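# Summary of structural features
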Amino acid sequence: MNPHSSQTEPIRHADGPTIGPGRHRVLIQAYACLPDHGSEEGVGWNRAIETAKYFDTWVICCKRLCANGIRRHFATHGAIPGLRFVYLSNSRRERFLAGIPGLRYLAYNLWNRRAGRLAQRLHKRHRFSLVHHLNYCGFREPGYLWKLDAPFVWGPLGGAQNYPWRFLPKAGLSVTIREGVRSIINELQLRFSPRVRKAAQRAALLMAATTTNYQALTRAHRVKPLIFIEGGVAERSFAATPPRTDGILRILWCGNLEPWKALHLLIEALAQLPQDVRWELRVVGSGSLATQWQRLAEHHGLDDRIRWMGQVSHQEALEQFTWADILAFTSLRDTSGTVMFESLAAGKPILCLDHQGAADIVDSSCGIKVPVTYPQEV
């Protein structure tokens, strides 16, 4: 039997492996869900396969984003017992809206509305013991599973963290406006969105991804979430790092080259090191600020020590930990950061800012946390 279904056949009873006798049934909504990926896609996939170990599990996910990758995985590795996927396409209107700046969340909400109706039909047929809105992890879109007559789990939730105000002047005018507006809207949505409030109060279990998000949810809705970080890393073997005799410190930075990732903090810090300090930096990722940050490195005369690797596969990114001595995680706004778990799994310490998810993940046994004071001090 096929371990997946299409939008035209969203609730065929025959999809997926045979259901085991006496097992409870769980419905997960994970817009992003892909094997061999990090970030949201990895969160969706790994939660789904772990849930399927204990419950018969249905997953509603985005067909455009997920179907091909999941099908390739099943074709290579076979179906996962107790796990089936229901693919829901993006409508033409949703695709159009997603391409307009500022309307991406509206497109996502419309998809969630249709996913909610699909969930109602699935629940009528299968009578789930529990329903779980998993991702995207941001609190702004709780979906509609909370309307079903089944225990509702929501989270782990992120998104309540904001860009530190003191760092906005160095970010440039457009980033200052965008991040400033986002911070204000964040607070308004968290406090006054009727669906966020209803979903938080309806949840049988509400999970906050970090202490920052726990505090925000508690303050806004007088709830007591469980702190349960959203990221993780699959079990894997990392090649041992050979002994180093050349005295060069090898620094790895991974992420989207976007304003909130704040790679410029690392570049400007490296520029202040004495000339006799030997170091190399590899930057893995792509984004809108790639050219700007490359020019910043050239301005400081650092371009001969930095290798800009661009966007690489997840496996290629993981292989960089064999080269590296340390991971630098400079993000000024992130729920957590899957790359930090990958660094720790590889046995490499982390240099990060002491806030948001990084503050929860890193302690003195595995890294150094820099207080978030003023840009020049950081």
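What you see is a predicted model; the values in this text were computed from it and never measured.

### Details of the nonpolar core
Counting residues in hydrophobic clusters, the biggest one holds 35 residues, and the most contacted among them are Leu27, Ile60, Leu122, Val131, Phe152 and Trp154. Only strand 3 (56-62), strand 4 (83-88), helix 4 (104-126), strand 6 (152-157), helix 6 (194-202), strand 7 (205-208) and helix 7 (211-221) provide two or more residues apiece to this core. For this core, the leading source of residues is helix 4, giving 6 residues.

### Here we look at the sheet that holds strand 12 (residues 326-329)
Pairing between the strands of a sheet comes from backbone hydrogen bonds, and it takes one of two forms, parallel or antiparallel. On the basis of which strands lie adjacent, the open sheet formed by 6 strands has the order 11-10-9-12-13-14 and parallel pairing. A single partner strand is all that each edge strand has here, and the edge strands are strand 11 (306-310) and strand 14 (367-370). Taking each pair of neighbouring strands and ignoring which way they run, the sheet shows an average axis angle of 20 degrees. Those strands touched by helix 10 (residues 314-323) are strand 9 (249-254), strand 10 (279-284), strand 11 and strand 12, and its axis lies near 170 degrees from that of strand 10.

### Overview of the side chain of Arg282
Position of Arg282 among the secondary structure elements: in strand 10. Comment: no salt bridge for buried Arg282; closest opposite-charge side chain is Glu280, at 5.8 Å. One polar contact links Arg282 to Gln320, side chain to side chain, over a distance of 2.7 Å. Excluding residues that lie within four positions of it along the chain, Arg282 makes contacts with Ile251, Leu252, Trp253, Arg307, Met309, Gln320 and Trp323.

### Structural notes on the layout of surface pockets
Approximately 540 Å³ is the volume attributed to the second largest pocket. Lining the second largest pocket are 26 residues, and of these Gly42, Asn46, Gly232, Val233 and Ala234 lie nearest its centre. For the lining of the second largest pocket, the elements supplying multiple residues, two or more each, are helix 1 (39-52), helix 10 and helix 11 (338-345). In the lining of the second largest pocket, the residues fall into 8 nonpolar, 10 polar and 8 charged.

Analysis parameters
Residues numbered from 1 in each chain as written. Predicted model: local features only at pLDDT ≥ 70, side-chain atom pairs only at ≥ 80, totals over all residues. Heavy atoms only, no water. Core = buried A, V, L, I, M, F, W, Y, C linked by side-chain atoms within 4.5 Å. Buried < 20%, exposed > 50% of the residue type's maximum accessible area, 1.4 Å probe, protein only. Helix = DSSP H or I, 4+ residues; strand = E, 2+ residues; numbered from the N terminus. Pairing = 2+ DSSP bridges. Axes fitted to C-alpha atoms, helices over the stretch in contact; angles between N-to-C directions. Contact = heavy atoms within 4.5 Å. Lys, Arg positive; Asp, Glu negative; His and termini not counted. Salt bridge = Lys/Arg side-chain N within 4 Å of Asp/Glu carboxyl O. Polar contact = N/O pair within 3.5 Å; in protein donor to acceptor, adjacent residues only side chain to side chain. 1 Å grid on protein atoms, 1.4 Å probe; cavity = no way out; pocket = protein on both sides within 12 Å on 5 of 7 lines; lining within 4 Å. Points joined across faces, edges and corners; volume = space filled by probe spheres on them. Nonpolar A, V, L, I, M, F, W, Y, C, P; charged D, E, K, R; others polar.

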